[in-house]
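Residue-level structural notes
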Amino acid sequence: MRFTVTSRGDETSNTLKKTITNYLTDFGLTENEKEPEIVITVGGDGTLLQAFHHYHERLDDTCFVGIHTGHLGFYADWKASEAEKLVIHIAKTPFQVVEYPLLEVVVRHHNEKKSHRHLAMNECTIKTLEGSLVCNVDIKGEKFETFRGDGLCISTPSGSTAYNKALGGAILHPSLASMQISEMASINNRVYRTVGSPLILPQHHTCLLKPLNEVDMQITIDHTSMVGQHIKSIQCRVAEEKVRFARFRPFPFWKRVKESFVGE
Ligand code: NAP
């Protein structure tokens, strides 16, 4: 099997990356950074997000598994002390594949015919560089509301424990193919009104954001951020593609939520 190991770049993660690479090579597996069948990330959820984006064009042929060298991760759910156990699993046992839904984001500009498509594993956020974001929110082709406020966050189920959670969004089980829209400080008074609650949309429901003021936007896709000018619309829906994780043992999602946020 072809594998590659990526690291967050700190000393601990780099050392562990070397050890895992040597072990797997000794077991007869082939290191292949270009076309790996399994990507082992060492660091945290951020490291796995980066690896996902690096290999986003070959998601059908790639599985991810993450080791965390910091606090418990959601994607990176193996402890550094379990690395040897994981290596033996990878080398000796066939693994189960678990798929999580992704978010498709299509950005269109007023002055461009071409649209730009992105995939997010956690979320897409839309803010302005200056002043409030004012945009129409269409759901399934119908105007739902005009949003005014700091911004909007559209997250995947597995991203619901990240930025979305900080915004008061619900935690969603990743088996629910859906996306969640949560507000960032919406302006609500007698004149301006938004729903005020996070919305969870099923697969094939589209959310279209149409900015009403001509301001520079900050659009983030997971850890990457871009500045957008003359944005005509940002369309979000559950992507056709999925991210695939290699599972060697059960570690239920709710257990990860409990261990991360509730404690023992
Ligand atoms: P970062 O700012 O260095 O770290 C953000 C934190 O979010 C890290 O502790 C990371 O875990 C954790 N995280 C990432 N994905 C998660 C998930 N699905 N569930 C629970 N926690 C998660 O940025 P980064 O490491 O490049 O990650 C980018 C992500 O940061 C974005 O996708 C966004 O979700 C999140 N973010 C959160 C807030 C907020 O909560 N207010 C604000 C901005 C961005 P590790 O330490 O294990 O890497």
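Residues numbered from 1 in each chain as written. Predicted model: local features only at pLDDT ≥ 70, side-chain atom pairs only at ≥ 80, totals over all residues. Heavy atoms only, no water.

1. A word on the pattern of salt bridges
- As enumerated under the stated definition, the model contains 10 salt bridges in all.
- Of the charged contacts in the structure, one is a salt bridge between Arg 117 and Glu 104, with a shortest N-O distance of 2.8 Å. Separated by 13 residues along the polypeptide, Arg 117 in strand 7 (residues 116-120) and Glu 104 in strand 6 (residues 96-109) bring together distant segments of the chain. (Salt bridge = Lys/Arg side-chain N within 4 Å of Asp/Glu carboxyl O. Helix = DSSP H or I, 4+ residues; strand = E, 2+ residues; numbered from the N terminus.)

2. Topic: the site of the ligand
- Taken together, 16 residues form the shell around the ligand, and within it Asp 45, Gly 46, Asn 122, Glu 123 and Thr 161 come nearest.
- The contact in question runs from an oxygen atom of the ligand to an N or O atom on the backbone of Gly 46, over 2.8 Å.
- For the ligand, a nitrogen atom lies 3.1 Å from a polar atom in the backbone of Ser 158.
- Calculation on the ligand without its partners gives an accessible area of 840 Å², and the protein chains cover 62% of this total.
- Broken down by secondary-structure element, the contributors of at least two residues to the shell around the ligand are helix 2 (45-54) and helix 4 (163-166).
- When residues of the shell around the ligand are assigned to their parent elements, the largest contribution, three residues, is made by helix 2.
- Of the residues assigned to the shell around the ligand, the class counts are six nonpolar, seven polar and three charged.
- When residues of the shell around the ligand are assigned to domains, at least three fall in each of domain 1 (2-95 + 248-262) and domain 2 (102-240). (Near = heavy atom within 4 Å. Polar contact = N/O pair within 3.5 Å; in protein donor to acceptor, adjacent residues only side chain to side chain. Areas by Shrake-Rupley, 256 points an atom, 1.4 Å probe, with all protein chains shown as cover. Nonpolar A, V, L, I, M, F, W, Y, C, P; charged D, E, K, R; others polar. Domains from an automatic or database assignment.)

3. Things to note about the side chain of Thr 6
- Within the element layout of this structure, Thr 6 appears in strand 1 (residues 2-7).
- Assessed through its relative accessible area of 18%, Thr 6 is described here as buried. (Buried < 20%, exposed > 50% of the residue type's maximum accessible area, 1.4 Å probe, protein only.)

4. As for the domain arrangement of the protein chain
- Considered domain by domain, the protein chain is made up of domain 1 (2-95 + 248-262) and domain 2 (102-240).
- When each unit is reduced to the centre of its C-alpha atoms, the spacing between domain 1 and domain 2 is 30 Å.
- In this complex, domain 1 contributes 12 residues to the contact, which on the side of domain 2 involves 16 residues.
- Buried area between domain 1 and domain 2, both sides added, is near 1300 Å², and the carbon and sulfur share of it is 78%.
- For the domain 1 face of the interface with domain 2, the top three residues by lost area are Leu 49, Tyr 75 and Phe 253, together amounting to 40%. (Contact = heavy atoms within 4.5 Å. Buried area = accessible area lost by both parts, 1.4 Å probe.)

5. A short note on the environment of Tyr 75
- Relative to the elements of secondary structure, Tyr 75 occurs in the loop between strand 4 (63-68) and strand 5 (78-79).
- Sequence separation of Tyr 75 and Leu 49 is 26 residues, and the distance between their C-alpha atoms is 8.5 Å.
- When residues no more than four places from it in sequence are discounted, the contact partners of Tyr 75 are Asp 45, Leu 48, Leu 49, Gly 66, Tyr 100, Met 121, Asn 122, Ser 158, Gly 159 and Phe 245.

6. Points about unusual backbone geometry
- A positive phi angle, close to 45 degrees, is found at Ala 185, a residue other than glycine.
- Within the secondary structure, Ala 185 sits in strand 11 (residues 178-186).
- The backbone of His 204 shows a phi angle near 75 degrees, a positive value even though the residue is not glycine.
- By the secondary structure assignment, His 204 is in the loop between strand 12 (199-202) and strand 13 (207-211).
- Here His 204 falls in the exposed class, since its relative accessible area comes to 59%.

7. Topic: the layout of surface pockets
- The volume enclosed by the largest pocket comes to roughly 250 Å³.
- If you trace the largest pocket, you find 13 residues lining it, with His 56, Glu 57, Arg 117, His 118 and Leu 119 closest to the centre.
- Breaking the lining of the largest pocket down by element, the ones donating at least two residues are helix 2 and strand 7.
- Of the residues forming the lining of the largest pocket, the biggest block, three residues, is contributed by strand 7.
- Within the lining of the largest pocket, the residues separate by chemical class into four nonpolar, four polar and five charged.
- Both of domain 1 (2-95 + 248-262) and domain 2 (102-240) provide at least three residues apiece to the lining of the largest pocket. (1 Å grid on protein atoms, 1.4 Å probe; cavity = no way out; pocket = protein on both sides within 12 Å on 5 of 7 lines; lining within 4 Å. Points joined across faces, edges and corners; volume = space filled by probe spheres on them.)

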